[in-house]
Structure formats: structure tokens, C-alpha cells
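# Residue-level structure breakdown
Listed here are the chains, written in short residue letters.
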Amino acid sequence: MDLRMVEKKDFDISIIRPEMRLAGLKLRGQGMPSERLKRIKEGLHTLHTLETMAVNIYKLQITRRENDLNLQLIGAMGNEMTHLQDFQIKLFEYGFKPSMLRWLYWIVGFKFGFFSRLLGTKAKLKTGIWVEKKAVHHYDELLRKIEWDEDTRKIIKKDQADEYGHIKRWEAFLRKLRKET
């Protein structure tokens, strides 16, 4: 995985919550073959459930300490909440509903977040890096394997660029932490 790709992205990853207007919403999928719709539904379910997990990881990693890491974790949580909303909206635009099993990913996110927090800052950062690298890989596969509509593809690419940004951020914190110890 080449993290230099983040520089090639056409997205401003400093924006945590991009603006959304009512005019940008539309009902999708009419006239599409059922096999294409099935793949889109599976892809959106995957993205929605993984973002559910990511929100919980960051939510559980945040402590009461007033420091830069907590500020960045709050920003990352907010950004992942935006991704979660992106994919939930797309599910409904296509006439789908979120997966009934998404609560399992909520629990997984809770466990990753809670236990990495208990293990300390280094564990939180390594968990964040590992999870975000997995997310980037999933995004790559879903972008490659599914014939998305152009609006949805653009959102997926923006959200993927955000994940690259999270990796770079957590790696920078980890390097700084290693220098201090």
C-alpha cells in the first residue's frame, strides 16, 4: 500500500464534514440490472458496517486528557461519523436499509477501542493504523469490483482519502512517541 497516493488525491482531507445540500440527493438505481444493484447493496453494507466500527473505535479511545492526540481522535471520530452517514444515505437513496447485523461491528469497534485505550497510547495508534490500512484495502477492492454511479464513486474516493490521512496522522504520532521514549 503506497501512502504517497494521498498526495495524489483531489480531496482536501482537512475537511472533516463536507457540506451536503438537498439538491445533491437523488433516488438511485432505477433501470440498473439486478446483479449490479446486488453488488452495490453488498458494497454499501460493507462500507456502512466498517464505518460503524471505526466510529466506535475512536469514541472509545478518547480520554479526558487535554492533549493533541485527543483532539485528533475527536476529529477522526467526527470524520468517520460523516463516512457512516455518507453510506447510510447512499443505502436509502438506492432503496436499501442498513444491515441488520451492523450491531456486531458496533461491538467489535467497542472492543478494539476499549482495549487499545487500556493498553495505552502506542496501542491506540497501532490499532488506528491497522484498522485504517484495512479500510483503505476494502475501499480499493470495492472501487475496483463494483460498478458505482459517479456520485457514489466520488464519495467513496473522498472517504478513502480521509482514511489515508488518518494513517499518516497516526504514524506521525507514533514516530513522535518513539522519539520521546
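Here's what I pulled together on the structure shown here. Bear in mind that the values here come from a model prediction, so they are computed numbers and not experimental data.

### Quick notes on the packing of helix H5 (residues 121-145) against helix H6 (residues 150-180)
The interhelical angle for the contact between H5 and H6, taken along N-to-C directions, is 155°, at an axis separation of 9 Å. By the angle class used here, H5 and H6 are roughly antiparallel. Of the two elements, H5 crosses H6, and the hand of that crossing is left-handed.

### Observations concerning the pattern of salt bridges
As enumerated under the stated definition, the model contains 9 salt bridges in all. Glu93 is the partner of Arg28 in a salt bridge, and the nearest nitrogen-oxygen pair spans 2.7 Å. One end of the pair, Arg28, is in the loop between helix H1 (5-8) and helix H2 (34-61); the other, Glu93, is in helix H3 (residues 68-93), with 65 residues separating them in the sequence. Comparing Arg28 with Glu93, the two get one shared label, buried. The salt bridge involving Arg28 is made with Asp149; its shortest N-O contact spans 3.0 Å. Within this pair, whereas Arg28 is found in the loop between H1 and H2, its partner Asp149 is found in the loop between H5 and H6, the two being separated by 121 residues in sequence. Taken together, the salt bridges that share partners define one network made up of Arg28, Lys90, Glu93, Asp149 and Asp151.

### Quick look at helix H4 (residues 102-119)
Given a rise of 1.5 Å per residue, 18 residues ought to cover 26 Å, and the 26 Å separating the end C-alpha atoms of H4 matches this to within 8%. Considered for burial, the residues of H4 that qualify are Gly109, Gly113 and Ser116. Buried residues of H4, viewed axially, fall in a sector of 75°; they line one side. Looking at H4, the residues exposed on the side facing more than 90 degrees away from the buried face are Leu118 and Leu119. Contacts from the buried residues of H4 go to H2 and H5. Residue Gly120 follows H4 closely and has a positive phi angle near 110°.

### Concerning H3
End to end, H3 covers 37 Å across 26 residues, agreeing with the expected 38 Å (1.5 Å per residue, within 8%). Structurally, the start of H3 carries an N-cap: the backbone nitrogen of Leu69 is 3.3 Å from a side-chain oxygen of Asn67. Where H3 ends, the next residue or the one after it, Gly95, has phi of about 85°, a positive value.

### Comments concerning the packing of aromatic side chains
A full pass over the atoms with the stated rule returns 8 aromatic pairs. Measuring from centroid to centroid gives 5.9 Å for Tyr94 and Phe96, while their planes differ by 10°, and the two rings are stacked. Given a relative accessible area of 7%, Tyr94 falls into the buried group. Measuring from ring centre to ring centre gives 5.6 Å for Phe112 and Trp130, while their planes differ by 55°; the resulting arrangement is tilted.

### Brief notes about a nonpolar patch on the surface
A surface patch of nonpolar side chains, about 1,100 Å² in accessible area, is lined by Leu101, Trp103, Leu104, Tyr105, Trp106, Ile107, Phe110, Phe114, Phe115, Leu118 and Leu119. Relative to the elements of secondary structure, Trp106 occurs in helix H4.

### A closer look at the environment of Thr52
Relative to the helices and strands, Thr52 resides in helix H2. When its relative accessible area of 10% is taken as the criterion, Thr52 is described as buried. It is 14 Å that separates the C-alpha atoms of Thr52 and Glu163, two residues lying 111 residues apart in sequence. With sequence-adjacent residues up to four places away left out, Thr52 is seen in contact with Leu84, Arg102 and Trp106.

Cut-offs and rules
- Residue positions are counted from 1 within each chain, in the order its sequence is given.
- Selection of residues for local features in this predicted model requires a pLDDT of at least 70, selection of side-chain atom pairs for listing and counting requires 80 or more, and totals for whole chains, interfaces and linings are taken over all residues.
- Water and hydrogen atoms were dropped before computing side-chain values, which therefore reflect all heavy atoms in the structure.
- Fitted lines through C-alpha atoms serve as axes, helices being fitted only where they are in contact, and the angles separating the N-to-C directions of these axes extend from 0 to 180 degrees.
- Numbering of helices and strands starts at the N terminus; helices are DSSP runs of H or I of at least 4 residues and strands are runs of E of at least 2.
- By definition in this entry, angles of less than 35 degrees are roughly parallel, angles greater than 145 are roughly antiparallel, angles of 65 to 115 are roughly perpendicular, and the rest are oblique.
- Two helices crossing with the near one rotated counterclockwise from the far one by less than a right angle form a left-handed crossing, whereas a clockwise rotation gives a right-handed crossing.
- Salt bridge, as used here: a side-chain nitrogen of Lys or Arg that lies within 4 Å of a carboxyl oxygen of Asp or Glu.
- Buried means the residue's accessible area, taken with a 1.4 Å probe over protein chains only, is under 20% of the maximum for its type, while exposed means over 50%, and partly exposed covers the values in between.
- To estimate the expected span of a helix, subtract one from its residue number and multiply by 1.5 Å.
- Arc definition: it is the arc formed by the directions from the helix axis to the C-beta atoms.
- The contact rule is simple, with two residues in contact once any of their heavy atoms fall within 4.5 Å.
- Each polar contact in these results corresponds to two N or O atoms within 3.5 Å; when the atoms are within protein, one needs to be able to donate a hydrogen and the other to accept it, and residues that are neighboring in sequence are counted only if both atoms are side-chain atoms.
- In this scheme Phe, Tyr and Trp rings, the latter by its six-membered ring, pair at centre separations within 6.5 Å, and the angle between planes marks the pair as stacked below 30 degrees, edge-to-face above 60, and tilted otherwise.
- Here a patch means residues that are over 30% exposed by relative accessible area and free of salt bridges, tied together within 9 Å if like-charged and within 5 Å if nonpolar (Val, Leu, Ile, Met, Phe, Trp, Tyr).
- Only the protein chains shown count as cover for residues, and all accessible areas are computed by the Shrake-Rupley method using a 1.4 Å probe.

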